[in-house]
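# Survey of secondary and tertiary structure
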Amino acid sequence: MHIEYLYYFKDFSRTLSISKTAAHYFMTPQGLSRALHQLEKDFGVMLMTYQNNLISLTPAGEELSRRIDAIVELYDEAKGSLTEYKLADMAPSKGLVRITVTSCVSQYLISLLNLQRPGQFPFEVKLNESNLYRIVPHILSRDQEESFGIISLPMTEKYRSYVDELVEDGGMVYEPLFTSPLVAMVSSFSPLARRDAVRPRDVDPYPVARYKDTVLGDALDDYILEDNVKTVTNAGAIIFVQIMEHQAVGFAAKLVEGLRTLPDRVVTKPTEGFFSTEFGLLSTPENRSREHVDAVIRYIRKTVAEKNLQPRYLDTYELV
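Source: prediction; values computed, not measured.

Take the overall build of the chain next. The helix and strand inventory of the chain stands at 12 helices and 12 strands. Across the 320 residues that make up the chain, the buried fraction comes to 49%. In the chain, once contacts between residues fewer than 6 apart in sequence are set aside, the share between residues at least 24 apart is 75%. Carbon together with sulfur atoms contributes 51% to the accessible area of the chain, which is approximately 16,000 Å² in total.

Take a negative patch on the surface next. A cluster of like negative charges, contributed by E157, D164, E165, E168 and D169, occupies part of the molecular surface. One can find D164 in helix α7 (residues 157-168).

This part takes up the nonpolar core. Counting residues in hydrophobic clusters, the biggest one holds 43 residues, and the most contacted among them are L115, F148, I150, L255, V296 and I300. The residues contacting L115, other than those within four sequence positions of it, are I99, I110, Q120, F121, V125, I150, V296, Y299 and I300. In this structure, Y8, L32, L64 and I68 belong to the second largest nonpolar core, which totals 19 residues.

Examined against the element boundaries, P154 turns out to sit in strand β5 (residues 146-154). Accessibility expressed as a relative area gives 6% for P154, which makes it buried. For the pair P154 and L182, spaced 28 residues apart in the sequence, the C-alpha separation amounts to 9.3 Å.

What follows is about unusual backbone geometry. With phi around 55 degrees, N114 is a residue other than glycine that occupies positive phi space. Relative to the helices and strands, N114 resides in the loop between α5 (103-113) and β4 (124-130). Residue N114 is classed as partly exposed on the basis of its relative accessible area of 37%. Even without being glycine, Q247 reaches a positive phi, approximately 50 degrees. Along the polypeptide, Q247 turns up in the loop between α9 (237-246) and β9 (250-253).

To continue, consider the packing of helix α1 (residues 3-15) against helix α3 (residues 29-43). Remark: α1 packs on α3, axes separated minimally by 10 Å, with the N-to-C direction vectors making an angle of 110 degrees. What the angle tells us is that α1 and α3 run roughly perpendicular. Contacts from Y5, L6, Y8, F9 and F12 in α1 reach L32, A35, L36, Q38, L39, D42 and F43 in α3. Tallied by class, residues from the contact of α1 with α3 come to 10 nonpolar, one polar and one charged.

So, about the pattern of salt bridges. What the rule picks out here adds up to 16 salt bridges. Across the pair R66 and E63 runs a salt bridge whose closest N-O atoms are separated by 2.6 Å. Of this pair, R66 and E63 both sit in helix α4 (residues 59-89), three residues apart, which is roughly one turn of that helix. Residue class for E63 comes out partly exposed when judged on its relative accessible area of 30%. When salt bridges that share partners are traced, they join E175, R288, D294, R298 and R301 into one network.

This part is about the pairing of strand β6 (residues 173-187). Of all 15 residues in β6, 12 are buried; the element is thus mostly enclosed. Strand direction decides the pairing type here: β6 and strand β11 (residues 276-283), joined by eight bridges, are antiparallel. Within β11, the position partnered with P181 by the bridge is S276. Direction of pairing for β6 relative to strand β12 (residues 318-319): antiparallel, over a ladder of two bridges. The residue of β12 that forms the bridge with T179 is E318. One ladder, built from four bridges, connects β6 with β9; its direction is antiparallel.

Before going further, it helps to spend a moment on the packing of aromatic side chains. Evaluated as defined, the whole model comprises eight aromatic pairs. When the centroid spacing of 5.3 Å and the interplanar angle of 20 degrees are considered together, the rings of F121 and F123 count as stacked. Look at F121 and you get buried, because its relative accessible area is 13%. Their ring planes at 40 degrees and their centres at 4.8 Å tell us that F251 and F274 sit as a pair that is tilted. Note that F251 is positioned in strand β9 and F274 in the loop between β10 (266-270) and β11, a separation of 23 residues in sequence. A relative accessible area of 0% means that F251 is categorised as buried. Here a set of aromatic residues connected by ring pairs shows up, and it is made of F121, F123 and Y299.

What counts as what
- Residues numbered from 1 in each chain as written.
- Predicted model: local features only at pLDDT ≥ 70, side-chain atom pairs only at ≥ 80, totals over all residues.
- Heavy atoms only, no water.
- Helix = DSSP H or I, 4+ residues; strand = E, 2+ residues; numbered from the N terminus.
- Buried < 20%, exposed > 50% of the residue type's maximum accessible area, 1.4 Å probe, protein only.
- Contact = heavy atoms within 4.5 Å.
- Areas by Shrake-Rupley, 256 points an atom, 1.4 Å probe, with all protein chains shown as cover.
- Patch = residues over 30% accessible without salt bridge, like charges linked within 9 Å, V, L, I, M, F, W, Y side chains within 5 Å.
- Salt bridge = Lys/Arg side-chain N within 4 Å of Asp/Glu carboxyl O.
- Lys, Arg positive; Asp, Glu negative; His and termini not counted.
- Charge placed at Lys NZ, Arg CZ, Asp CG, Glu CD.
- Core = buried A, V, L, I, M, F, W, Y, C linked by side-chain atoms within 4.5 Å.
- Axes fitted to C-alpha atoms, helices over the stretch in contact; angles between N-to-C directions.
- Parallel < 35°, antiparallel > 145°, perpendicular 65-115°, else oblique.
- Nonpolar A, V, L, I, M, F, W, Y, C, P; charged D, E, K, R; others polar.
- Pairing = 2+ DSSP bridges.
- Phe/Tyr/Trp six-rings, centres within 6.5 Å; stacked < 30°, edge-to-face > 60°.

Given below as structure tokens:
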């Protein structure tokens, strides 16, 4: 069972509103619904019932609602106690920077940066993975530590507005790093592999490869249907299987070409009419001013600038 689901249910049981609870946790309503249904499977009981488009708690749901405060309070207390042991084991002078990354970042950018190479920093660097809508709670929950996030987002109005809202209303600091065009990933046997470039209308007859995950939703970087443009910017093994077996088309940042992570029978094609992916840094003002965080960010900026000049990464991304 995912502990986060209990927190979701705690808030949901108070409001009985999927949309309000999802907004509180920076999730999509669909992602929250999947989490609550998974919680029902974990307990083996129905917690919610739907009638005339209204949601109410079942008797089992009401019972869990009465107990949920004590459950999460006990978990938080235990977690705090265990954290003290972990901190005690850590050398005080060593320090720790915790970086939360979106899935597309963890797939490509972390390989490029090699942030966890032994001896890279005189302190420890740890990585967590989340989706765009959950990354802020992850960063805020670590605000007593030195922490920040590395995110990737499609350069569309939907996501640009979301980041602007985080900065203006949420008090976050966002610093763009670079942009990378999307490339289409198709089977070498696909008719799309013979095109000079893949355009939005070319994709319509094909299924779009999607990464399914019970925690983060149908697609880790979200599934976008905007102006008839269908993309998903993940390139995990399950994506490659779908591309090969179902003649699906996937999309990723062009950075994937520089990292050479594709299987032999999956090829990339340039795209036209699709948007680019932007990579950037997200933090609280307090964390951004901390010494170790600043050292890691300076290293990141220096590394992407140097790699951008290397033949392997030429034209895969553009510095902002």
